[in-house]
Amino acid sequence: MHPDSSNPIGVFDSGVGGLTVVRALMERLPFENIVYFGDTARVPYGVKSVETIAHYTTQIAEFLLAKEVKLLVVACNTMAAVASQVVKDLSPVPVLDVIDAGALGAIATTTKKQVGVIGTPTTINSNAYARAIHQYEPEVRIFSQACPLFVPLVEEGWLDHLVTRLTAQEYLKPVLAQDIDTLVLGCTHYPLLKPLLQEVVGPSVRLVDSAEAMAEETAALLTEMNLSNPQRTAPRYEFYVTDVPLRFQTIGERFLGRTLSNVHVVKW
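Everything in this summary refers to the structure shown in the same document. (Residues numbered from 1 in each chain as written. Predicted model: local features only at pLDDT ≥ 70, side-chain atom pairs only at ≥ 80, totals over all residues. Heavy atoms only, no water.)

**A closer look at the environment of Leu 162**
How we decide: Strands are runs of DSSP state E lasting at least 2 residues, helices are runs of H or I lasting at least 4, and numbering of each runs from the N terminus. Three labels apply to residues, based on accessible area from a 1.4 Å probe with only protein chains included: buried if under 20% of the type maximum, exposed if over 50%, partly exposed otherwise in between.
Examined against the element boundaries, Leu 162 turns out to sit in helix α8 (residues 162-176). Using a relative accessible area of 57% as the deciding quantity, one classes Leu 162 as exposed. Separated by 48 residues in sequence, Leu 162 and Gln 114 place their C-alpha atoms 28 Å apart.

**Here's the deal with the sheet that holds strand β10 (residues 263-265)**
Our working definition: Strands are treated as partners if at least two bridges between them are detected by DSSP. Whenever a helix is involved, its axis is fitted only over the stretch in contact; in every case the axis is a line through C-alpha atoms, and angles between N-to-C directions fall within 0 to 180 degrees.
Strand order in the open sheet formed by six strands is β4-β3-β1-β2-β9-β10, and the pairing between neighbours is parallel. What marks the edges here is a single partner per strand, and that holds for β4 (95-97) and β10. Along the sheet, successive strands turn relative to each other by an average axial angle of 20°, direction set aside. As judged from the three bridges shared by strand β3 (residues 71-74) and β4, these two strands associate in the parallel manner.

**Points about the sheet that holds strand β6 (residues 141-146)**
The test is simple: Two residues qualify as a contact provided that any one of their heavy atoms is within 4.5 Å of a heavy atom in the partner residue.
With parallel pairing, four strands are arranged side by side in an open sheet as β6-β5-β7-β8. Edge positions in the sheet fall to β6 and β8 (206-209), since each has one partner strand and no second. For this sheet the average axis-to-axis angle between neighbouring strands, irrespective of direction, equals 25°. Examined bridge by bridge, strand β5 (residues 114-119) and strand β7 (residues 182-185) share four bridges and lie parallel to one another. When the sheet's bridge partners are listed, Ile 118 is paired in β7 with Leu 185. The strands that α8 touches are β5, β6 and β7; relative to β6, the one it contacts most, it runs at about 160°. Sitting on the sheet, helix α9 (residues 194-201) is in contact with β5, β7 and β8, with an inclination near 150° to β8.

Below, the structure written as structure tokens:
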């Protein structure tokens with residue numbers, strides 16, 4: 001099946017975090033239509049079993065494929081870590097995921113082959129980044145660190161708060177002791193902490209934003225497969241969620257960097 005190039009890109013996540021990927025896609029590919037799905041009723045995924053995550057991921061992928069998307073983007077690191085292959089097996093259209101994009105970004109960035117990876121406990125425990133990086137470049141040494149407090153701090157809006165800075169310093173201490181030159185932001189919430197994290201790690205460490213890396217990989221794939229939208233008109237953006245929790249609009253707009261409209265609630 002060769003999808004229509006004017007069809008939308010389907011992006012999905014366990015909640016609102018994937019909106020940082022949508023934002024990067026909007027900036028990099030201003031004419032592409034996008035359909036986003038955030039499973040806000042069942043977030044967080046990080047505490048659920050692999051079987052449950054795979055089941056939810058399949059359900060969401062099938063929903064987006066029914067919307068005739070030309071490409072699927074797994075924007076959630078937890079989903080990508082445990083269920084990316086499940087999506088690839090069922091999808092008739094290409095599938096990209098943030099972990100693969102972040103891994104390629106890390107390899108392109110590091111010169112000393114000393115890479116730090118930060119993420120949620122599930123992502124870090126899955127070892128998915130290490131596997132993805134070593135698949136492309138076995139020589140790279142990887143130092144991983146789970147940062148469970150970053151997600152609630154970002155959702156609280158404490159992007160440049162003393163508490164967040166002290167937390168970052170504490171989490172990054174063991175990673176920075178390994179003389180890394182590259183740090184992969186292995187969670188879609190973390191791009192919002194980029195200025196603070198850059199200050200904490202210092203100028204000698206380059207940050208790899210998996211949302212930006214994802215947008216670059218998407219752009220390259222669309223060009224390669226001749227799937228870029230030929231229409232030069234204002235794109236359509238649609239957002240599907242499974243619940244509208246308190247502060248959803250506030251958090252969502254902070255992630256997206258613009259007004260969140262066209263939000264539909266899917267009841268499962």
